[in-house]
Each structure stands twice: as C-alpha cells, then as structure tokens.
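Listed below are the residues making up each chain.
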Amino acid sequence: MLQATPQSSLLEDFTSAATQAVATVQVVDRTPAALGDAILHAASGATRILFAPPHNLPDSLFADFASDPRVRMNPTPEEMINSAAGVTEAFAAVASTGSVCIDVSYERTGMVSLLAPLQIAVVAAETIVPQPRDLFRADVLDGSGLERDFVFVTGPSATADMGPLVRGVHGPHKLHIIVLR
Amino acid sequence: MASPVNPADISPRQVANKSDKKALLDAIRMTLNVQSSAVRLNTQTFNRNRYTATALLPDYSELKDRARQIKENAIANLPALLRRLEVSVRANGGHFYLAKTAADADQYIRDLLLSHEARLVVKGKSITSEEIKLNHTLEAAGITVAETDLAEFILQVADEQPSHIVAPALHYSRERITALFKRKFTTDLPLDTGEELTKFAREKLREQFIAADAGISGANLIAADSGSLMLVESEGNIRMTTTLPPLHIAIAGIEKVVPSRLDFGTFIELLPRSGTGQPLTSYVSILHPPLKATPFAAPGKAAKPREFHMVLIDNGRGRMREDPVLSEALYCIRCSACLNSCANFETVGGHAFGGETYSGGIGGSWEAGTGKLLNARFSELCTGCSRCVTQCPVRIDIPWLNENLRQRMNFEQPASPAKSAFGAMTGSAPEDRVAPLQKQFFANYHVLARAATRFSSLANASARLPFARSLMESVVGLDRRRKLPPFPRKTWLQLHAEQRSGQALASKPGLPEVLMLADVFTNYGSPERGIAAMHMLRQVGLQVELSSCLPDGRAAISQGMIATARQQANDMAQMLRPYLNKGTTICVLEPSVLVMLRSDYAHLLDDPATAATLAHGKFLEPLQLLWSITNDQRLDLAQIFPASGSPHGTRVFYHSHCQQRTCDAAWQTVEILKLCGFDVVTSSVECCGMAGSFGYKRDYYELSMAVGEDLFAQVRAAEAEGGPRTMVASGTSCHEQLWAGMGREVIHPAELLVGTLA
C-alpha cells in the first residue's frame, strides 16, 4: 500500500495537513542556492539564526545558507536562548498529519528546533510517509524510526489552557517547512 | 437549620475526597455554580473534534482492536515486561526504580534530587505525580517545583486538584484565570487575553527551564524492548523538560509498559485523536534516554553529564491486576474520551465527577485501585449510558467497572431489618439486600410498577399528594420536583390481549418471525408505544408475537445490585432461549434493554450454552427491524407511512437514546422518518440527563436538569425557525426528560408512523 501511493500525492497531502496545522510549507529545488535563498528569506527578520548541521542530507546542500554571517553553528548559551530562528533537517515527514520528524540525538538539534520563536525544518520529499505509524515499521525508510530519539513536530507549539487557542507557548511560535524536490 | 454554604465558597480541594457523600453533593453544587460553562465548552469541543478526527481513520475499529490486544497482553505479562524494561533502561545507561508505594517513589525522587543538590525542578504534566503527591514531598524538602504545563501551572497557583486527565484546568475560563493571576501575582503586564496570559506564564517559566537542575516528566507509553518513552504534548514544555536539564526523571505507573517500540505505532494514531481530537498534537517525542546530545548549561555554569532515572509506580496497580474486574482499568491510556463523551462529565467536570487525582467514568476504578474503595463514590455519576464504551480506544467497558464499584460500596453498607424485609418483598437477591432502600426501590421498579398499574387511579392520585411525594422523597430519595408520569390503566400485555382479535393483518410469507419483548418500562409505563410498534411492524406484513413481561436486570445493574441483575438475566434468558433456538428475531423497544441483552448479559448469564445462544441471537430495535425489512422487500415507505397524513405534522425533532446510538440502532430511525417525508432535526447531545432513575433522585435532580438543558436548547433552536416541531424520542427516560423540560407531549417514532395510517 505504501509503495502504491505516489510520492507526488503524498507531498500534496503533506502540504495540506501541515497547512491545516498552521505550518507554512515551501517546495524548493535541491540546490544550495535555492535552499539558501528559501531559509534566509523565511528568517529574513532574524539577526541571529541557529543551525544544527544535517546528518542525512548532504552538508554541501546547506553551504550557501551556512556562509551567511547571521548563522550560528556553535552558539554560546546566551545565543542559544536569544536567537530568532533555528534551522534543522527533518529525516522524515508524515502526510496524514503534516508532521516533520526531527532526530534529537544529534548535538544541539533538540535545542535548535525548540528554543527559537521561528522553527525552520528542511526535509527531502522522498522521505514523506503516509501515516505516523509508518515510523514504527522496519520496512519503511529502512526502519529509520526504530532506533532514533526523535520528535514528531506538527505545527508550532500551542495551548488551550488559557482559554482560547494560543499558538506559541514554550516552543516555537511559527513552523516553516522547506521540502526539497 | 444552618443555612447552606454558598456553592461559590466551596473550594475544590475541600471536596476532592468524596468518600463522604456530602462532599459529592457539595461538589456538584459548586461545579454547577462556578465551573459548568467552561467545562461544557472545553469538553464538548474535544468531543466534537474526536468524532471528526477518528472518522478520518479508515481502520479506526481495527486499530482499537489492536490497541486492546496489546494492552491485554502487556498487563497479562507485566512482571516479565518490567524485568525486560529494567534491562533495557540500564543498557541505555539509565537507572531504573520500581516503587511499591507512593511514599517509596516520593522518597526515591526526593533523595535523588537532594544528592544532586537540585534546588529547582521543572516538571511536565504527570497525573501520576499528582497521585503520589510528589510536589508536596519535594517542597517539604526545600526543592522548588515549577509546573510548566500551563494547566498544571494554573492548578499550582490556585492549589487545586486536576479536573480532567488530559486538560487538568479545563474548568477555568479565561476570565477566571485572569482574576486568579491578578490576585496571586504583582505584574504590570495586561492579563486580559489568552495571548497575554500565555506570554506572562511563558516568560516566567522560560527562566526556570534555563535555570533548572532537573526535569521530571511522565510518559504516555513505555516500550520494554528499548526503554523508549512516548511523550505527547502541545506546549513544548515536555521537550524543554527532557532536553535542557542534565538530570531527567520519568515517572509513570507500571501499566504504561508495552512490549515494543513498534507498538507505539498503534497508539500514536489513537491517543491524540481520542483525546483532544487532533491528528497529532504539536509534539510527540520518542526517546530512549539518557539523550546523547549535551544538556543545556546556563550562561556561566559548567556543563554536566546527562543522567536518567525511570521511576515506575505500583501503588495498588499490582492488586488491580489480580482483581478480575478492576484489571480492565489498567488498559486505560488516559486519553479522556470517556470524560468528553459523558453528558454528566460535560456538565460538572472532574471536581464533581472525580476524586483527588482521577476523574470521569474511568476515574472511579483508578481512585479505588490506588486508594480506598469509598474514594470512588463519585462514580455514582456514571449513569451507564454507555456512550464512552464505543469511544474508548482500548474498548474498556466502563459502565461495568462502575456497576461493580457500586456493588462493592453497597456491600460495605450495614444490614438492617428494614432493608432486608424490603429486599425480600421486592425480589432483591439475598446478598443485595444490604443495599440502601433507594437502590433496592429503583432496582425493583417492576414490582412497584406492577402494583401501581393494578391500582392505577389510586397510585396516580397519591403521586399528586404532597404528603405522598414528601414520603417518597425521604424514604427512597425520589425528588418531589420531578413530575411523575401517570401509570396507565392497562398494561401493554392487557391491551394487546384485548386488541389481538381485531388486528388480524395478513402476514407476508418469507418474513422473519418476530417476538416483541414486553419490557417492564413499556409494559407498565407506556403501553401505547408498544402497541404502536407492533402495529407498525404488522403494517409491513410481519407476524409479531408479544412476550410475557419479565424484568431484564437493567434497573438492578444500574444500582450495583449485580446479583439481582444476574437472577433476572438468567430468567429472561430462559424465556428467550426457545425463540432464539428457532431463529426468531427479538424486537426490543427500550434501547437500554436492547443493550442489556446484546452486551451486558455476557457478564451475567450462568450457563455458557445459554450465553452462547444469546450472544448469537438477533436483537433489534423496532425501527431497525423495519429498516432491514424495507431494504429486503424494497418497500416504499412514503406510500405506507406518508408524512403528509400525519396528525402530528411533518416537522419533527428527533432525539435518539444514548444506548441506542452505542449499539448502532439510531440512524435507521432518522432514515425512515426522512423517507416517509418528515422534516427531521436531530439532537446532538450525548444523553438527555435522565438516564433511567438517575434524574429522579433527589441528590441528582439539579444535575440531571442541567444536563437536559443542552437538549432543551437544541429543541428551542430547531423551533426558532419555522415554529414548533413534534418531539419524537425512542427511550422512556428521554420521553420523561423532554416532557419535564419542554412541558409538551413526546411520542415514539412508531407512534408517529402509525399516526399516518388513520
């Protein structure tokens, strides 16, 4: 069934579900220039951008972005808690829920994807799976979900505890997802 | 007599323990007065969202079966799983502690924090930590505990217990939070919107996340194979708690353990959808701590290595596991579907329908299992309406748990000659004769009803006498404000015997043989509905026989008089067995009796062969039967029962019965009425609030009417455009509640259809 779902329809479903979850989704070409433009445009207001380098996607893809002077790959503790945006890769995404999956076992990935008000996640289109349960299957993404410490991130942080629904609580207030074609 | 306390002055903590009935009654008054509108709004939103979200799962039912199976196996193999888990946690480099009691867990965590010289702890939401009163222990040791889930933060500021297992402060409206914060904090910040309140709390807590020495989280599930946790949240506070501080302590009940991380795949689909009705919450973390990434070191502080402790708590769960009834409660994944789909819960919330920690339909079993039986007294608010049963992702039979708790509480009552004599006279099983008079009265309603119909003019006249009502109120707790429906002069069986000769309609060949069950509610209370239902079925050519009238056990089981219900169920099964053996369809007018026969009897029948016959029997609600005949025979209902000929008009408001919906026997009525040409508006409430005898009881009259108000408001809304509608309902209780609330006649769908024939 998984193989029978064309990836283009998964991308459509993913985009629609993520938008429903109040994330923004952008699909770009898989080139350093296109990715760099997309990230820097999304984080255009930020004076400092936290960046946890990728472990699945090639480093070179992020080269244009990483050369920007606002980017911090080894932030001080002050910078870690006082930056406007945080950029990480996601090793997978989920079509039915619009989630991106962030591996938090890599150094700083958990904090970079959590502490800044704007979260930017970069994910490859071919890693979109149909449903959350697929991350718990050995035959999906080479069993990529089975050993990792990871977080399904679906939209920005939110609460209804203070009465009305409020987006932006302890975690990011905004989630921007960049899908690589 | 002392003037009653103003309900607004009752604090939730004062009435958290409801082992004393007065606390329960005070809690109901307080919540109706102070919390009801916020609780209604929030639970009903969750409820609607859950229906929408689960409908989008194509294999919802299979997922529930799988979840149930995983939990059944896990609880059965729990000792081995715990051993396996301990090995996994240690292999990951973590520490593992299995606490026998709440005090053991508290002490372990306190000593651990003290040995790390931890002064500030950030905490994610953990209802289990409320159960063991962890904050109290830590604060007494001089450790500052910052609750970081905004709902828990509110409760910490207000010093209140949770009112809901997923959204523990949902009894607070935005306005009340503003008032609370303005009272408790000095700040220049405006606190008049949800955004402003959130910003205020976020800034306060952000400082604490950064400075924290340790983080304490709960766990939604734990996998034995890898020591993995599944943590479900939306605010990001659990991520902070598990990511930033060097020391992470996860606490959970032992029932949270499942064999494998692969099992998370089933629950991740079910849990958020069943809870808040979201496909997924903002963050679901899958971790097998200690995390490999370096923890946060505040500016100027040295980085410390990560350390992880898993503290699992027994605190009565082992005993629950050995209990043939309560063990089912261990399957609970704490999603709150049973709270949000419960009409009583939607109206009062967990400060009335809950104890010191746990709330809602499942809460009684947890309070009794982790504490004392009498702490489950609030589970009296479970009316057995069964709406939660099909909503539970692990298919827990919650009414059955509550009926058993009720039985155990009955058994704690002292025997008395009056109760024994009353029980013997009315037919209570010997062991149930310790139950309070009120319970025995309602459980044996058929005895009273039989006598009352025999002397109906006397009974009806005395029911109107103030003296008689005051006596009924003081002896059996029948609220005097409840208008009693008059007893008919003749029973359904008597009317049927008289009419039989004149009613010879030609029966069509090839149709099933039908036995109409003369249930006690219809036979003694509203025979005209029974007559109409038989007329309706004969009209399409069915041959319908009427059974004799026996009590079915519904009234008894709802009072926790299970032995009496068992006796009645076995008699009923003996009567039905020959019919079922020859393939007769049993048609049941009263939905609560239908569910009794279809599912509750599985718990009650002594003889396995009879139980198997019943389990395979065909039990249908009359319009459900009509629907299947309509389809088989390709009947044109608009020809047979044309709405245009209805003396009640074509505009109707239809309210189906809670248990009728649970057993999937309600939509057929709506379809039929539409096909006949009626203009139908349906209710969308979970239950009318009457729920058998519940709404008749003095103690619960106000609550029952408050629940009913949602239904009455829907009738008024439906009539705001285009004028009055004929009120149509399928259940006896619903008739009485609608009649009480709207002051107008209510008819059964069969009466509406038969009316078109004249």
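Residues numbered from 1 in each chain as written. Chains lettered and ligands numbered in written order. Predicted model: local features only at pLDDT ≥ 70, side-chain atom pairs only at ≥ 80, totals over all residues. Heavy atoms only, no water.

1. Looking at the overall build of chain B
Looking only at helices and strands, chain B has 36 helices and 18 strands in total. Within chain B, the proportion of its 758 residues that are buried is 63%. Contacts spanning at least 24 positions in sequence make up 77% of the contacts within chain B whose residues lie at least 6 apart. On chain B, roughly 27,500 Å² of surface is accessible, and the fraction owed to carbon and sulfur atoms is 54%. (Helix = DSSP H or I, 4+ residues; strand = E, 2+ residues; numbered from the N terminus. Buried < 20%, exposed > 50% of the residue type's maximum accessible area, 1.4 Å probe, protein only. Contact = heavy atoms within 4.5 Å. Areas by Shrake-Rupley, 256 points an atom, 1.4 Å probe, with all protein chains shown as cover.)

2. Notes on the sheet that holds strand β14 (residues 619-620) of chain B
Residues and elements named next belong to chain B. Pairing is parallel across the open sheet formed by four strands, whose spatial order is β12-β11-β13-β14. With one partner strand each, in any of the chains shown, β12 (544-546) and β14 form the two edges of the open sheet. One ladder, built from three bridges, connects strand β11 (residues 514-517) with β12; its direction is parallel. Bridging across to β12, Val 514 finds its partner in Val 544. (Pairing = 2+ DSSP bridges.)

3. So, the sheet that holds strand β18 (residues 746-747) of chain B
All names here are of chain B. Ordered by their spatial adjacency, four strands build an open sheet running β16-β15-β17-β18, and the pairing between neighbours is parallel. Each of the sheet's edge strands pairs with one partner strand only, and the pair in question is β16 (679-682) and β18. Pairing between strand β15 (residues 651-655) and β16: four bridges, direction parallel. By the bridge assignment, Phe 653 is partnered in β16 with Val 681.

4. Let's talk about the environment of B:Leu605
Relative to the helices and strands, B:Leu605 is located in the loop between α28 (591-604) and α29 (608-615). Once residues lying within four places of it in the same chain are set aside, the contact partners of B:Leu605 are B:Ala569, B:Asn570, B:Ala573, B:Thr610, B:Ala611 and B:Leu614.

5. Overview of the nonpolar core
Judged by nonpolar contacts, the single largest core of 160 residues is most densely connected at A:Leu135, A:Phe152, B:Met230, B:Leu576 and B:Leu753. Counting residues per element, this core draws most heavily on helix α27 (residues 562-581) of chain B, which supplies eight residues. Beyond its immediate sequence surroundings of up to four residues, B:Leu576 is in contact with B:Leu515, B:Leu517, B:Ile586, B:Leu597 and B:Phe619. Judged by nonpolar contacts, the second largest core, of 43 residues, contains A:Ala18, B:Leu78, B:Leu82 and B:Leu312. (Core = buried A, V, L, I, M, F, W, Y, C linked by side-chain atoms within 4.5 Å.)

6. What about the pattern of salt bridges?
Residue and element names in this part refer to chain B. The tally for this structure, following the rule as stated, stands at 46 salt bridges over all chains. When the shortest N-O distance is used, the salt bridge between Arg 90 and Glu 86 registers 2.7 Å. Residue Arg 90 and its partner Glu 86 are located together in helix α4 (residues 78-91), separated by four residues, close to a single helical turn. Taking relative accessible area as the criterion, Glu 86 reaches 28% and is therefore assigned partly exposed. Through salt bridges that share partners, Lys 21, Glu 380, Lys 439 and Asp 699 make up one connected network. (Salt bridge = Lys/Arg side-chain N within 4 Å of Asp/Glu carboxyl O.)

7. Remarks on the interface of chain B and chain A
At the interface, 54 residues of chain B touch 47 residues of chain A. In total, about 4,300 Å² of surface goes out of reach between chain B and chain A, with carbon and sulfur atoms giving 59% of it. On the surface where chain B and chain A come into contact, there are two salt bridges. Here B:Glu269 makes a salt bridge to A:Arg133, at a shortest N to O gap of 3.0 Å. At the surface where chain B touches chain A, the tally comes to 23 residue pairs in polar contact (both at pLDDT 80 or more). (Buried area = accessible area lost by both parts, 1.4 Å probe. Polar contact = N/O pair within 3.5 Å; in protein donor to acceptor, adjacent residues only side chain to side chain.)

8. Focus: the packing of aromatic side chains
Residue and element names in this part refer to chain B. Tallied over the entire structure, the rule returns 20 aromatic pairs over all chains. Relative to Phe 200, the ring of Phe 185 has its centre 5.1 Å away and its plane inclined at 65°; by these criteria the two rings are edge-to-face. In this pair, Phe 185 sits in the loop between α9 (174-184) and α10 (194-211) while Phe 200 sits in helix α10, placing the two residues 15 residues apart along the sequence. With respect to burial, Phe 185 and Phe 200 carry one shared label: buried. (Phe/Tyr/Trp six-rings, centres within 6.5 Å; stacked < 30°, edge-to-face > 60°.)

9. Here we look at the pairing of strand β2 (residues 120-123) of chain B
Residue and element names in this part refer to chain B. Residues Leu 120 and Val 122 of β2 are buried on one face, and the alternating residues Val 121 and Lys 123, pointing to the opposite face, are buried as well. In this sheet, strand β3 (residues 144-147) lies alongside β2 in parallel orientation, the contact comprising four bridges. Its bridge partner lying in β3, Leu 120 is registered against Thr 144. Alignment of β2 against strand β4 (residues 214-217), held across three bridges, turns out to be parallel. Opposite Val 121, over in β4, you have Ala 214 as the bridge partner.

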